[in-house]
Amino acid sequence: MAPMTTPGEEMHALVERLYPLCRSITGDGVRATLDVIGEYLPLQVHEVPTGTRVLDWTVPQEWNIRDAYVADATGRRVVDFAASSLHVLGYSVPVAATMPLSELRAHLHTLPDQPSLVPYRTSYYKPAWGFCLAQETLDALPDGDYEVRIDSTLADGHLTYAEHVVPGQVADEVIVSCHVCHPSLANDNLAGVAVATFLARELAERTLYHTYRFLFAPGTIGAITWLARNAERVEQVRHGVVLACAGDRGALTYKRSRRGDAEIDRVMRHVLTASGRPHTIREFTPYGYDERQFCSPGFDLGVGSLTRTPYAGYPEYHTSADDPSFVAPEAMEDTLAVLREAFGVLDRNRRHLNLSPYGEPQLGRRGLYGALGGRSDTQEAQMAMLWVLSLSDGGHDLLDVAERSGLPFDTVATAADALRDAGLIKA
Amino acid sequence: MAPMTTPGEEMHALVERLYPLCRSITGDGVRATLDVIGEYLPLQVHEVPTGTRVLDWTVPQEWNIRDAYVADATGRRVVDFAASSLHVLGYSVPVAATMPLSELRAHLHTLPDQPSLVPYRTSYYKPAWGFCLAQETLDALPDGDYEVRIDSTLADGHLTYAEHVVPGQVADEVIVSCHVCHPSLANDNLAGVAVATFLARELAERTLYHTYRFLFAPGTIGAITWLARNAERVEQVRHGVVLACAGDRGALTYKRSRRGDAEIDRVMRHVLTASGRPHTIREFTPYGYDERQFCSPGFDLGVGSLTRTPYAGYPEYHTSADDPSFVAPEAMEDTLAVLREAFGVLDRNRRHLNLSPYGEPQLGRRGLYGALGGRSDTQEAQMAMLWVLSLSDGGHDLLDVAERSGLPFDTVATAADALRDAGLIKA
Amino acid sequence: MAPMTTPGEEMHALVERLYPLCRSITGDGVRATLDVIGEYLPLQVHEVPTGTRVLDWTVPQEWNIRDAYVADATGRRVVDFAASSLHVLGYSVPVAATMPLSELRAHLHTLPDQPSLVPYRTSYYKPAWGFCLAQETLDALPDGDYEVRIDSTLADGHLTYAEHVVPGQVADEVIVSCHVCHPSLANDNLAGVAVATFLARELAERTLYHTYRFLFAPGTIGAITWLARNAERVEQVRHGVVLACAGDRGALTYKRSRRGDAEIDRVMRHVLTASGRPHTIREFTPYGYDERQFCSPGFDLGVGSLTRTPYAGYPEYHTSADDPSFVAPEAMEDTLAVLREAFGVLDRNRRHLNLSPYGEPQLGRRGLYGALGGRSDTQEAQMAMLWVLSLSDGGHDLLDVAERSGLPFDTVATAADALRDAGLIKA
């Protein structure tokens, strides 16, 4: 009998499939990535022309690359884009020349402290060309002339991004955003892309309160473009999570929104704490992923960031060691599980008004309370009802009730359902 | 020479006298209890007819009981109400039948984990009958037929509660509430009843600022009835304490009002802390005694709850082991002393306005300050004056001054008196 | 080659020069003191007539003293004002009499626990005369008659104080106040006077944002007089520091203003913490130096107090042991350095508004950002810019940015300058 495939393994397969593609902030690598995701999920793909003004920025020229290499005097490719998309400085202008190693060195990027790894480097807004290679490779190169060739184009074209919307009962939105601009780097951010994709598929099976919008866009300029083109929709964004580094074997890290106490911040903290998982909660900083844009002071959205080990927090970060073996199926499943749970809380969390606030309502008469008094043990469900009644003053939501009472959120939300059904509270 | 009787011993004697009476939420047991208290304290007794709507509730039928027993085939009473009021399920409907033990078992309540103790059980709002007995007693019963008899009546009548008011200078009220519905249980709540009774007698000897209202009423339905019938008076309730479990040998526990920082919460915390007594301060929960009603979100009164060991916090709770030997004269005196001190603070606590707020007023000229300068030691009384002047900005009361300065409340209040007499501050 | 004189040594020389003068809250000793300071700093000297109403107080008569002694039967001066100004009770009325030791004792002040030291005592508002001497001296006096003589005058005159203003770009003022009423006591407060004097000279060399006002006035009545005569100017006082005990070898202590979170409180805390110096931050109390007046609730200015060891915190306090050897040049330099740094922060601290708050502005286009992306290390200066942009919402000042980001204030302020120059933020 064939072994079952787990969701983690399916996500890992998606990471492996996307890994070789040469993504950047524009270009066919992004389109090919979105095509693959589109096989899992219907996507609305947007093409925004070069030169479009987006907030303080301008959509740059589109970059495409076909081939690139450094070849030695014998014609042997000592650095070859075909082997890894990391080998070329992102957004390299075309070059075709022969030059001595001494001159070439200014265009070569290595990691002297990690001599066997290839770094990830880009130059989006300053025209440049370059190659990235292992320090060991560089050290082995004899002096002499080398042929350098980058067969790229930088030309007017488009910036490409995609959306997938899972509709809910209300137009209020939860945004899940992940960047699709990094080339052959698995944890940053193919694991995030894979978790977002599978989460979106799961949510489609559920009855949702909020509308969930998944955004697959290049980092910085992509989020800025989306924000610029969706001024009215931004008004409806209530919560959000920027998803990155979702697959390494480290513990989860949630970085709060700029507000620090947005509902998503409270929900993530509650879920991570209540689950007993080891985890870290970090305060907002204006550096990181696209929470920088969503949380810029003009928008100041309730958008946090979920990662496992945060950016720059692991030695494989932005190097060739961030390959598919660095991400684990179980880790991606765990990230998915936390988001599933958090969005479950977010979707049920409400403020209520106690409609019978003077004294306790007689729960027993409504079948909501054990009739036999005098027992010292009180059921959790009944305590949850008393707590919901006590705190349903318009100033507390169910998450507050859960945190103040120490009761599980699910118990509290179920108690609220019963009280609402009995006409004792209203949302 | 006859030994002196301490107040603690007098309170204990009251507990012992009330102990045998079969109290419930209505009925002659409550009336008999109020009659005894009335010997200590003039009471205004209220009778509220069955069927009266009180907030979300309805005053139930009145329950009275004359006799109840389980007798074996020989006529021997193996469970007998005459021995303890706990033996009958409170509010049992009448029954007169003979049935095999196997059938009777469904009506017998025991404590398997405390096999020698009789539990306390009631069924106020669901018609039922039953007996409470020790597990050991039950275990010793042979199979066979038993005569069961409960000579009770459930009929239209009244709910009975009583008030005692000690008038003060202002109509603003402090409410002291204790439940009088538990049958033969000493700590819960005859000790509370005794402490309230003696406290009321003491206050009558003092010049009071607030008006103090003592409420002796059945739990839940009694407080609800009082609240329903005193909608205007509730507006005048500024502070309150629900008093229960006032006599066991454990340390004092104060449970904050729902507001959490009501003046009574601050006063109790200050007094308990300043006294150096071991004690516990607990956050509000919507379970417990009648603070549940006073603190329901519609009323949200500044009412906390003072106990020694809280409900369900001791193994004797709601069992036959909560008898007069479980409560100690010294413990009741200690509870009384803390309330005396707390109400002393509450009565003197005021916000003032500094009438000479620009620079320090010249205290020396008014005889309020030692004239000889240059000494490094400053008297506590003078520091208290400086603190009161500094914080008399309308935003701080004397308790704030005591807490910020670290000075005793009494020193601070005395300093405020002197400054008020000198015309430097006004309340 | 002659050794360089350090600022600490220069300040110490000033302390030594001022030490012998007999200061009090009025009189020629104050004038002589201000004359000396005036050699370092142009002063505006004010003379306020006896009897002038100042807030709740009245300017007292002026006290001057020429000679005072206790002489034994042989004419030997056993206590002599000429040896130390501390020997006379401040504001002693004149006396010329012969009396037995037994009668004289009521006028003699000693420190029995510090038998070799002379205490400092005054009686400003209650007419009295007296001498201060070492307990050892007193113990050695044989019984018998003594000649006592205090050649003082108490007469209508003036209260004298001085100001020095260093103008800044705005009329908003920072006040630095130190008392000049203590006689031969070095740490309390000649060290404070010396540090204030040298600080004022330094500030004159700088381009300042705030206007800095230095106040040299007698304690209590002097500050009250200044406040009474400057009602309009007080409106412009934004920040202030009362400076005292500035030269002992203990660590620095900052006492917060009454507000507790005034900007000066935040600045001092930041500077003391960031500097790594051992230090203490104390909450406001209404006792101490002239912060008592500046922080009285009617004014409630943002004025804290900087000392090294606080008043009454060292055994030499208010005794003859507080002589020039008790203060250290390095300690005074250290106090000066902290004030220099704090005022530097205060002068640069601003709230800004991000003029491009939707998304991040493109820093690279403006030459404010390294163009080469993908590197895991981010420069401090760039992080500072991101933080300033993120928190420039009108609700945070640069000190908030420094504290939230963990970056040095200077880095943050420099980043703000660059962003302001680029038109991205405005103050």
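Refer to the preceding data block for the structure.
To start, this report covers the structure provided alongside it. (Residues numbered from 1 in each chain as written. Chains lettered and ligands numbered in written order. Predicted model: local features only at pLDDT ≥ 70, side-chain atom pairs only at ≥ 80, totals over all residues. Heavy atoms only, no water.)

1. Things to note about the sheet that holds strand 4 (residues 62-71) of chain C
All names here are of chain C.
Here's step 1: Spatial strand order, 5-4-9-6: four strands in an open sheet with antiparallel pairing. Strands with a single pairing partner mark the edges of an open sheet, and in this sheet they are strand 5 (77-80) and strand 6 (95-100). With strand direction ignored, the average angle separating the axes of adjacent strands in the sheet is 15°.
Here's step 2: With six bridges connecting them, strand 6 and strand 9 (residues 145-155) associate as antiparallel partners. By the bridge assignment for strand 9, A97 is matched with V148. (Pairing = 2+ DSSP bridges. Helix = DSSP H or I, 4+ residues; strand = E, 2+ residues; numbered from the N terminus. Axes fitted to C-alpha atoms, helices over the stretch in contact; angles between N-to-C directions.)

2. Points about the side chain of N354 of chain A
Here's step 1: Turning to its location among the elements, N354 of chain A is positioned in strand 17 (residues 351-354).
Here's step 2: Within polar-contact distance, the side chain of N354 of chain A engages the backbone oxygen of L389 of chain A at 3.0 Å.
Here's step 3: If we skip the residues at most four places from it in the chain, N354 of chain A touches L389, S392, L424 and I425 of chain A together with P297 of chain B. (Polar contact = N/O pair within 3.5 Å; in protein donor to acceptor, adjacent residues only side chain to side chain. Contact = heavy atoms within 4.5 Å.)

3. What to know about the relation of the copies chain C and chain B
Here's step 1: The two copies are related by a screw motion: chain C maps onto chain B through a turn of 120° and a shift of 0.0 Å along the axis, at an RMSD of 0.1 Å. Between the two chains, the operation in question is that of a three-fold axis. For chain C, the residue whose C-alpha comes nearest the rotation axis is D261 of chain C, separated from it by 13 Å. (Least-squares fit on C-alpha atoms with pLDDT ≥ 70 in both.)

4. Re the packing of aromatic side chains
Each aromatic ring pair is summarised here by two numbers: the centre-to-centre distance and the angle between the ring planes.
Here's step 1: On inspection of all chains with the given rule, the structure shows 42 aromatic pairs over all chains.
Here's step 2: Judged by centre distance (6.2 Å) and plane angle (80°), the ring pair of Y124 of chain A and Y125 of chain A falls under edge-to-face.
Here's step 3: For the pair W57 of chain C and Y125 of chain C, a centre-to-centre distance of 5.7 Å together with 65° between the ring planes defines the contact as edge-to-face. Of the two residues, W57 of chain C is situated in strand 3 (residues 57-58) and Y125 of chain C in the loop between strand 7 (108-109) and strand 8 (131-132); the sequence distance between them amounts to 68 residues.
Here's step 4: The class for Y125 of chain C is partly exposed, based on a relative accessible area of 37%.
Here's step 5: Grouping aromatic residues by their ring pairs yields a cluster made of Y287, Y289, Y311, Y314, Y317 and F326 of chain A.
Here's step 6: One residue, R201 of chain A, lies across the ring of F198 of chain A, its end atom 4.7 Å from the ring centre. (Phe/Tyr/Trp six-rings, centres within 6.5 Å; stacked < 30°, edge-to-face > 60°. Buried < 20%, exposed > 50% of the residue type's maximum accessible area, 1.4 Å probe, protein only. Lys NZ or Arg CZ within 6 Å of the ring centre and 35° of its normal.)

5. Considering the interface of chain B and chain A
Here's step 1: At the interface, 26 residues of chain B touch 26 residues of chain A.
Here's step 2: Summed over both partners, the interface of chain B with chain A buries about 2,200 Å², with 53% contributed by carbon and sulfur atoms.
Here's step 3: Together, D56, P286 and Y287 of chain B form the three largest contributors to the area buried by chain B at its contact with chain A, with a combined 27%.
Here's step 4: Of the charged contacts, one joins R366 of chain A and D56 of chain B as a salt bridge, the two residues approaching to 2.8 Å between their closest N and O atoms.
Here's step 5: Our count for the contact surface shared by chain B and chain A stands at 11 residue pairs in polar contact (both at pLDDT 80 or more).
Here's step 6: For the side of chain B that touches chain A, the class distribution of residues is 13 nonpolar, eight polar and five charged. (Buried area = accessible area lost by both parts, 1.4 Å probe. Salt bridge = Lys/Arg side-chain N within 4 Å of Asp/Glu carboxyl O. Nonpolar A, V, L, I, M, F, W, Y, C, P; charged D, E, K, R; others polar.)

Just geometry here; none of it tells us what the structure is for.
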